[in-house]
Amino acid sequence: MELVTVGTGTVAPSARRTSPCHWVSRGDVRVLLDCGAGSLHRLAEFGLPWHQVSHVILSHFHPDHWGELPMLVYALKYTTQPPRSEPLVILGPPGVVQLIRSLAEGYGDWLLDPGFPIGILDVRDGEPFPLNADVSLETFPVPHTTESVALSLVAPEGRLVYTGDTGPSSELSRWATGCDLLLAECSLPESMAMDTHLTPERAGRLAQEASAKRLVLTHFYPPVETSDPATLAGKSYTGSVTAAKDGDRFTIGDGRG
Ligand SMILES: [Zn+2]
Ligand SMILES: [Zn+2]
């Protein structure tokens, strides 16, 4: 299973980091975990086959995590040659169906009927949702907004856990236990810590409590960049830590641990 951190930023405008988006591919499953502003152009920049995306999975409904989704559907409708016929499946916590329907009232009917099948499904916590025969999705509630969930993708070779936006949560660390790669938000420096986001130190503790085999940090607001997030996270976590940049690539199940 391959991970590319397409957008490692937030809503804060940045020349180096676009809004949250992470590409995960394995066989014919090609997933976007969140789809924030700037994702499409970054996917093109990094040479990823965005037109073959099979699933978009949202962690929550803050617009910096889904703002590019209508543009993705629009681009798939008008710029794929030959015209796309494969379905696009949009998944997220309960409310995602309502969100997309509401967006379609403003954008137009094409968002629900772009000329290829669109499936939209609310995913319930604790019910594994198969993406194909080998890869399945699970969600887990996290302290951020009422609907916010962490996302887990499990394949035979390993498990990826993406925190989405979250505050510290011992329940989350239990749920993530033993994952091969923990992709954790790292919003703010410790001096600005809050209950609904993580700091480098808190992301490190989460990874340590979960015995995650590897920690990759994402979702950096500008103030946290004045520090060295990977070093700070490493103070409480004994595994390998990477502060991801847009375009970084990782393999889950490569035995690196
Ligand atoms: Zn958020
Ligand atoms: Zn966010």
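Our subject is the structure that appears above.
Now for a quick tour of the structure. Not measured: the values here are computed from a predicted model. (Residues numbered from 1 in each chain as written. Chains lettered and ligands numbered in written order. Predicted model: local features only at pLDDT ≥ 70, side-chain atom pairs only at ≥ 80, totals over all residues. Heavy atoms only, no water.)

### Side note on the coordination of the zinc ion (ligand 2)
- Binding of the zinc ion (ligand 2) to the protein goes through His65 (NE2), Asp165 (OD) and His219 (NE2), at separations of 2.1 Å.
- Taken in chain order, the donor set of the zinc ion (ligand 2) reads H-x99-D-x53-H.
- Between the two metals, the zinc ion (ligand 2) and the zinc ion (ligand 1), the spacing is 3.5 Å, and Asp165 donates to both. Remark: Asp165 occurs in the loop between strand S10 (158-162) and helix H4 (170-175) and His65 occurs in the loop between strand S4 (55-57) and helix H2 (69-79); sequence separation between them is 100 residues. In terms of burial, His65 and Asp165 fall into one category: buried. (Donors = N, O, S within 2.8 Å, 3.2 Å for Na, K, Ca; no water. Helix = DSSP H or I, 4+ residues; strand = E, 2+ residues; numbered from the N terminus. Buried < 20%, exposed > 50% of the residue type's maximum accessible area, 1.4 Å probe, protein only.)

### Brief notes about the sheet that holds strand S2 (residues 21-26)
- Across the sheet, 7 strands lie side by side as S6-S5-S4-S3-S2-S1-S14; this open sheet has mixed pairing. Both edges of this open sheet fall to strand S6 (118-122) and strand S14 (248-251), since each of them pairs with a single strand only. When strand polarity is set aside, the average angle formed by the axes of neighbouring strands in this sheet is 20°.
- Taken together, the 4 bridges between strand S1 (residues 2-7) and S14 define a ladder with antiparallel strand orientation. Following the sheet pairing, Thr5 is matched in S14 by Asp248.
- Contacts from H2 reach strand S3 (29-35), S4, strand S5 (88-92) and S6 within the one sheet, and its direction differs from that of S5 by about 170°. (Pairing = 2+ DSSP bridges. Axes fitted to C-alpha atoms, helices over the stretch in contact; angles between N-to-C directions. Contact = heavy atoms within 4.5 Å.)

### Focus: the state of the cysteines
- Enumeration over the complete set of coordinates arrives at 0 disulfides.
- Free cysteine: Cys186, not disulfide-bonded; nearest cysteine sulfur from Cys179 at 16 Å. (Disulfide = S-S within 2.5 Å.)

### Some thoughts on the pairing of S5
- Burial analysis of S5 places 5 of its 5 residues in the buried class, which makes it a mostly covered element.
- Residue alternation in S5 divides its side chains into two sets, Leu88, Ile90 and Gly92 and Val89 and Leu91, and both sets are buried.
- Sheet topology places S4 next to S5; 3 bridges connect them, and they run parallel. Considered in S5, the bridge of Ile57 is made with Leu91.
- What joins S4 to S5 is H2, and the crossover it makes is right-handed.
- Read as a crossover between parallel neighbours, the route from S5 over helix H3 (residues 96-107) to S6 is right-handed. (Right-handed = clockwise from strand over helix to strand, strands pointing away.)

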